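Each chain, written out:
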Amino acid sequence: MRIGELAGVVGVTTRAVRHYHHVGLLPEPERRANGYREYGLRHAVVLARIRRLTELGLGLAEVRDVLADDAGKDLVEVLTELDEDLARQEQALRERRARLRTLLDAEGGVPAEGPVSPELAALFAGTAHLSDSPMAAKDREIIAFLETAMPAGDRERLVSSVGEALGSPGAVARAGEAYALLDALSGAEPDDPRVAEAARVLADCIPPGLFPQPGERGQDDGFLRAFYDDLAPAQAEAVRRALRILGEERR
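Residues numbered from 1 in each chain as written. Predicted model: local features only at pLDDT ≥ 70, side-chain atom pairs only at ≥ 80, totals over all residues. Heavy atoms only, no water.

Draft legend 1. Region of the structure containing the overall build of the protein chain. Looking only at helices and strands, the protein chain features 12 helices and 0 strands. Along the protein chain, from the amino end to the carboxyl end, the secondary structure elements read α-α-α-α-α-α-α-α-α-α-α-α. Going through the 251 residues of the protein chain one by one, you find that 37% of them count as buried. Intrachain contacts of the protein chain at a sequence separation of at least 6 include 60% that bridge at least 24 residues. Summed over its atoms, the accessible surface of the protein chain is roughly 14800 Å², and 53% of this surface lies on carbon and sulfur atoms. (Helix = DSSP H or I, 4+ residues; strand = E, 2+ residues; numbered from the N terminus. Buried < 20%, exposed > 50% of the residue type's maximum accessible area, 1.4 Å probe, protein only. Contact = heavy atoms within 4.5 Å. Areas by Shrake-Rupley, 256 points an atom, 1.4 Å probe, with all protein chains shown as cover.)

As structure tokens, this is what we get:
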């Protein structure tokens with residue numbers, strides 16, 4: 001194969017092939033008597049491997065390490081690994097498409113916060129009538145962020161806790177009352193007498209495991225500070241008091 005044929009078979013550009021030659025990732029074949037390089041199957045296999053690894057997000061230095069590990073393997077082993085890589089990516093694509101289809105087919109459509117898990121999308125759909133509340137909108141944004149940022153096990157616990165908080169008409173009604181009280185504090189000071197009521201109602205809405213308590217091991221204090229900074233002073237004080245109430249009830 002000539003360089004253009006090799007690039008076309010693997011699905012890269014000739015410029016990429018030359019770059020991989022230049023950085024030492026792809027062995028450069030000897031030129032034949034006619035002055036052209038002739039590429040074989042081994043070159044195609046290695047180039048395909050480079051493409052797959054870079055598409056997975058590996059840097060060229062990491063790709064070099066992987067290829068060095070593959071150097072002692074025969075062609076069948078390398079082809080088998082390539083096939084397994086493709087199978088894994090096909091499975092990942094099927095799972096992503098299934099998740100997208102679930103979101104697109106969900107009642108109420110894709111939530112305004114963007115793609116979330118189907119379970120969280122269903123919970124958000126059940127509180128869509130609260131979307132006029134600025135505090136409810138902020139709460140949903142934070143929950144969507146946490147689901148994205150958390151490790152898998154923590155994500156499951158988060159969604160379970162949100163389901164406990166919003167999974168019934170009565171729970172949604174209590175959340176609506178809490179949001180209304182917090183919205184009313186948007187221009188208030190921390191010593192506003194309404195803060196105590198908002199804190200009590202909010203505490204009644206929060207499942208025990210949804211928020212860590214101050215000083216708990218593993219708590220991200222930086223995130224909580226940023227969360228409070230994004231609220232009005234009276235709202236932040238209401239949330240602090242609600243967490244203190246929950247902490248006292250845990251003892």
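Draft legend 2. Inspection of helix α2 (residues 14-22) at higher detail. Burial in α2 covers these residues: A16, V17, Y20 and H21. When α2 is viewed along its axis, its buried side chains cluster within an angular range of 145° and face the same direction. Away from its buried face, by an angle of more than 90 degrees, α2 presents the exposed residues R15 and H22. In the segment just after α2, G24 is the residue with positive phi, at about 85°. (Arc of directions from axis to C-beta.)

Draft legend 3. Geometry of the environment of Y36. Secondary-structure assignment places Y36 in the loop between α2 and α3 (41-55). Along the chain, Y36 and R2 lie 34 residues apart, while their C-alpha atoms are 7.3 Å from each other.

Draft legend 4. Representation of the environment of T13 within the structure. Position of T13 relative to the elements: it lies in the loop between α1 (3-10) and α2. According to the relative accessible area criterion, T13 is partly exposed, its value standing at 48%. Counting along the chain gives 10 residues from T13 to I3, while the straight-line C-alpha distance between them is 9.3 Å.

Draft legend 5. Fine view of helix α10 (residues 194-205). Taking 1.5 Å of rise per residue, the 12 residues of α10 would be expected to cover 16 Å, and the 17 Å separating its terminal C-alpha atoms lies within 8% of that figure. When we look at burial in α10, the residues that qualify are V195, A198, A199, V201, L202, A203 and C205. (Expected span 1.5 Å × (residues − 1).)

Draft legend 6. Geometry of the nonpolar core. In terms of nonpolar packing, the biggest core is built from 41 residues, with V162, L185, L202, F227, Y228 and V239 touching the most fellow members. Taken together, the elements giving at least two residues each to this core come down to α6 (118-125), α7 (134-149), α8 (152-166), α9 (169-183), α10, α11 (221-229) and α12 (233-250). Ranked by the residues each element gives to this core, the list is headed by α12, at 8 residues. Counting residues in each nonpolar core, the second largest holds 18 residues, with L6, V12, L26 and A44 among its members. (Core = buried A, V, L, I, M, F, W, Y, C linked by side-chain atoms within 4.5 Å.)

Everything listed is a geometric property; what it means functionally is a separate question.
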